[in-house]
Amino acid sequence: MIRFEDVTKVYDTTSRPALNGVTTEIERGEFVFLVGPSGSGKSTFIRLVQREEKASSGTVYVSGRDVSRLSSWRVPHLRRDLGVVFQDFRLLPNKNVFANVAFAMQVLGKRRGLINQAIPEVLETVGLQDKARRFPHELSGGEQQRVAIARAAVNKPAILLADEPTGNLDPDTSWGIMEVLDTIHQNGTTVVMATHDHEIVNTMRRRVIELDAGKIVRDEPEAGYEPADSTAQVQSRLRKSEVR
Amino acid sequence: MRFAFILSETFSGIRRNLSMVISVVLVTFISLTFVGSAGLLQMQINQMKGYWYDRVEVAIFLCNDTSTASSCAGGGVTDSQRDAIEAQLASEQAAAYVESYEYESQEQALELFQQQYANLDMAESVTADQLPESFRVSLVDPEQYEVVNEMFSGMAGVEVVSDQRELLESLFSLMNIASVIAIALAIIMLITAILLIATTIRLSAFSRRRETGIMRLVGASKTMIQLPFLAEGVVAALLGAALASIATWTIAKFFIADWLASEYPQTGFITSTDALWLVPLLFLIALVLAAVSSMLTLRRYLKV
């Protein structure tokens, strides 16, 4: 479904690569956690799959297509196979829940009849069937993220990419989101979720790809994640800068 | 569905960006009105050329007793000289250039002179023998004046060959300068319009970056993403063109066809119907404006 072959991504030639010689493969129907500290290359990984970025070297295959050789007018076709969810929800504030989800279908030219049929279904999947007429500012963060997931899933993409979907949410709400992602996964969608929430990773016991400084340092099925103590790291960095 | 959606996106963009859109409409309006005015001037020049060139002749003035020109050193034209000139006008050689000619005697010249300057006291004191007799020649092709000039100016008894078109040429060159100025102003305004449309599209793209971001995300086509912005520029430019067309037509109708034509009834003026020929041109320029500014902008600010 997604295959990286010796992929390197350099944003800025003076600093180290965001991804450095990454080779991995994610099969159809898998649920994969992409873990690692900030700056380890998780977001770059997702952006390469979306072809928001092009690999500096190496090849990225998505659904059998070499995305770097996709012509710019074919890129939208690739993205129709992908649903994407972000930490900051990215909803349209002037549209209600129904209209936010409908927007994703309208811009693909879907028929009104299909839209009116698909949206109640997907809102039920994410548990928002009663809130279709609410506006984003009337919803909690967790509910907003459910709307974003509904929007990502409504066109039935083969792959769902989630970049820190629980990053802005408290632990209880995060679990609700995970349940929704799990439901979508069980309906046959491949899910790739970038996160550094170790509690979630440890409880779900899925395949874990751990990145550090742009390299895959671990790739285990049904694994957990113990991040280095980030507080200790920050403190040691602060101390070093004081010494200087 | 798709078309209606793009249309509604376009109008929501115009609503959000109303003041910018209005300024685009006005700038296109003014610049295209300059283009239209220059067009009217050119049409008027052509019209007058056609009108006058049919009436204006080459005059071969013959020497009279009071002529001071060096070619008239021998005194007034003699009968044999006049006959020679007339024979030359009627000759095969001249037939290629001369359409017709007419002889104007001193008495006829006096009559015309007194008619034209009836309001001057001096007209009364002029006598026939002070005026030159002449051949009034109309040419097959008015541009061929030089050939005729060479053919006759060397002949004995000819004082001067004058091309009355020259008088008009100075008027036409004045009008040409005016239309060049109008075009120059129009070009400056059109450049302003292009930049303004580009800025409008950019602002519009910025104010709708959430929407376009989501559109990219879910795989909306390039057309779907960019067309509303393009359409916004096109709608504004076309509105400007419509206003400019109305303005151009109004100038042609009320200023030229009604007012100028009644002030100067003996001159040929363009009609307001002629001005309608400029309308498609103005709309075409507006479309090109919108296209150029969109090319400048969409590629940079609305990547897919």
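Structure's up top.
I will try to describe carefully the structure that is included in this document. Because the structure is predicted, anything quoted here is derived from the model rather than measured.

1. Focus on the pairing of strand S4 (residues 57-62) of chain A
Residues and elements named next belong to chain A. Across five bridges, strand S1 (residues 2-9) lies against S4 in antiparallel orientation. Within S4, the residue paired with Glu-5 across the bridge is Thr-59. With two bridges connecting them, S4 and strand S5 (residues 65-66) associate as antiparallel partners. Bridging from a neighbouring strand, Val-62 pairs with Arg-65 of S5. The antiparallel pairing of S4 with S5 creates a hairpin that spans two residues between the two strands, and Ser-63 there sits at a positive phi of about 50 degrees.

2. Digging into the sheet that holds strand S10 (residues 215-223) of chain A
Residue and element names in this part refer to chain A. One open sheet holds the six strands; their spatial order is S6-S7-S8-S3-S9-S10, and the pairing between them is mixed. Because the sheet does not close on itself, it has two edges, and the strands there are strand S6 (82-86) and S10. Across the sheet, the mean angle from the axis of one strand to that of its neighbour is 15 degrees, orientation sign disregarded. In the sheet, S6 pairs with strand S7 (residues 159-163) via five bridges, with the strands oriented parallel. The residue bridging Phe-86 from the neighbouring strand is Asp-163, located in S7. The strands touched by helix H1 (residues 42-50) within the sheet are strand S3 (31-35), S6, S7, strand S8 (190-195) and strand S9 (206-212), with S7 carrying the most contacts at an inclination of about 150 degrees. Along the sheet, helix H6 (residues 171-186) makes contact with S3, S7, S8 and S9, crossing S3 at roughly 135 degrees.

3. With respect to the interface of chain B and chain A
Interface size is commonly expressed as the accessible surface area that is lost when the partners come together. Listed per partner, the contact involves 18 residues of chain B and 25 residues of chain A. Carbon and sulfur atoms supply 62% of the area that chain B and chain A bury against each other, a total of about 1900 Å² over both sides. Seen at the junction of chain B and chain A, the total is one salt bridge. The salt bridge involving B:Arg216 is made with A:Glu52; its shortest N-O contact spans 2.5 Å. Elements represented by at least two residues in the side of chain B that touches chain A include exactly helix H1 (2-16), helix H9 (209-218) and helix H10 (222-263) of chain B. In terms of residues, the side of chain B that touches chain A owes the most to one element, H9(B), which gives seven residues.

4. Some words on unusual backbone geometry
Residue and element names in this part refer to chain A. With a phi angle near 55 degrees, Arg-90 is a residue other than glycine that sits in the positive phi range. As for its placement among the helices and strands, Arg-90 is situated in the loop between S6 and helix H3 (97-106). Non-glycine residue Glu-164 carries a positive phi angle of around 50 degrees. In this structure, Glu-164 sits in the loop between S7 and H6.

The rules behind each value
Along each chain, residue indices are assigned from 1 in the same order as the chain's sequence is written. Here chains are named by letter from A upward and ligands by number from 1 upward, in the order in which they appear as written. Local features in this predicted model are restricted to residues of pLDDT 70 or higher, and side-chain atom pairs are both shown and tallied only at a pLDDT of 80 or more, whereas totals for entire chains, interfaces and linings draw on every residue. With hydrogens and water excluded, all non-hydrogen atoms of the structure serve as input to the side-chain values. DSSP-based pairing: two strands are paired if at least 2 bridges between them are found. Labels follow the DSSP assignment, with helices taken as runs of H or I lasting at least four residues and strands as runs of E lasting at least two, numbered in each case from the N terminus. For helices, the fitted axis covers only the stretch in contact; all axes are lines through C-alpha atoms, and the angles between them, taken along N-to-C directions, range from 0 to 180 degrees. Contact definition: two residues touch when any of their heavy atoms are within 4.5 Å. Buried area, as used here, totals the accessible surface that two parts lose on assembly, with accessibility defined by a 1.4 Å probe and the loss added over both. Here, a salt bridge means any Lys or Arg side-chain nitrogen found within 4 Å of an Asp or Glu carboxyl oxygen.

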